[in-house]
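Each chain, written out:
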Amino acid sequence: MNAENFIAVNVSAENFNFDGEKVLRVVKTEKLFDFDTNSIAKLKNSAFHNGIIEVEMLSRLLPDAPDFARGFIGVAFRIDENNSAFESFYIRPTNSNTSDAVRRAHGCQYFSYPKYTFAYFRENKISDYEAPISQSLNEWVKLKAVINDAHAEFYLNDVLTLTVEDLKRGANASGAVGFFVDIGTEAFYKNLKITNIN
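Report follows, based on the coordinates.

Calculation notes
Residues numbered from 1 in each chain as written. Predicted model: local features only at pLDDT ≥ 70, side-chain atom pairs only at ≥ 80, totals over all residues. Heavy atoms only, no water. Helix = DSSP H or I, 4+ residues; strand = E, 2+ residues; numbered from the N terminus. Pairing = 2+ DSSP bridges. Phe/Tyr/Trp six-rings, centres within 6.5 Å; stacked < 30°, edge-to-face > 60°. Buried < 20%, exposed > 50% of the residue type's maximum accessible area, 1.4 Å probe, protein only. Lys NZ or Arg CZ within 6 Å of the ring centre and 35° of its normal.

Structural notes on the environment of E81
Here's step 1: Considering the arrangement of structural elements, one finds E81 in the loop between strand 6 (73-79) and strand 7 (86-91).
Here's step 2: Each C-alpha atom, one on E81 and one on A176, is 7.9 Å from the other, the two residues being 95 residues apart in sequence.

As structure tokens, then:
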């Protein structure tokens, strides 16, 4: 994975030596305190409708991260040409070990930019797009997203973690694949594999 193959949208994307291994480092640089924005590193010339996206990822909190930062890290898919609409799944690693039961329930999130953000789901008391996780900061996590029309299954370390039956961009949406990062997170990615089915 090479930073030259990605378009940085409201983020920085650079090659990074992580314990002797070349990985991609992504950090949000714009819209710093807006949640669930188009802060993505988009893979150039990628086209995706249905299939499987696999990647290993690790997140750490930046030294200046606000107290509400959670290590937000994940994938984006079906990204349109203008980076103005996409689907995403991400995790909140700091929520996995907290004593707060409500926060633990919000360990991961599906959202669809620009309308169906986590704020939209919370305001409308919709909890179907979140689930608890057991993954923590500063550890490599294997993410697998299996997308079939409007249906998605998201696996963490080979364990089915969240199922979405109604992807908000619709069954016919297609677009690029990328990585999503949010507030206060230093995100690292490696071993991206995309399997297109149709």
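Structural notes on the pairing of strand 12 (residues 159-164)
Here's step 1: Examined bridge by bridge, strand 11 (residues 151-156) and strand 12 share five bridges and lie antiparallel to one another. The residue bridging A152 from the neighbouring strand is V164, located in strand 12.

A look at the packing of aromatic side chains
The geometry of an aromatic ring pair is captured by two quantities: the separation of the ring centres and the angle between the planes.
Here's step 1: For the structure on display, the rule yields 18 aromatic pairs.
Here's step 2: Look at F18 and F188: their rings are 5.0 Å apart centre to centre, the planes differ by 70 degrees, and that puts the pair in the edge-to-face class. In this pair, F18 is assigned in strand 2 (residues 11-18) and F188 in strand 14 (residues 185-196), connecting sequence segments 170 residues apart. Taken as a pair, F18 and F188 share a single burial class, namely buried.
Here's step 3: Seen in terms of ring centroids, Y90 and F180 are 5.1 Å apart; in terms of plane orientation they differ by 35 degrees. Their pairing is tilted. Separated by 90 residues along the polypeptide, Y90 in strand 7 and F180 in strand 13 (residues 176-181) bring together distant segments of the chain.
Here's step 4: Judged by its relative accessible area of 1%, Y90 is buried.
Here's step 5: Taken together, the ring pairs connect F72, F86, Y90, F111, Y113 and F180 into an aromatic cluster.
Here's step 6: Sitting over the face of the ring of Y155, K144 holds its NZ or CZ atom 4.8 Å from the ring centroid.

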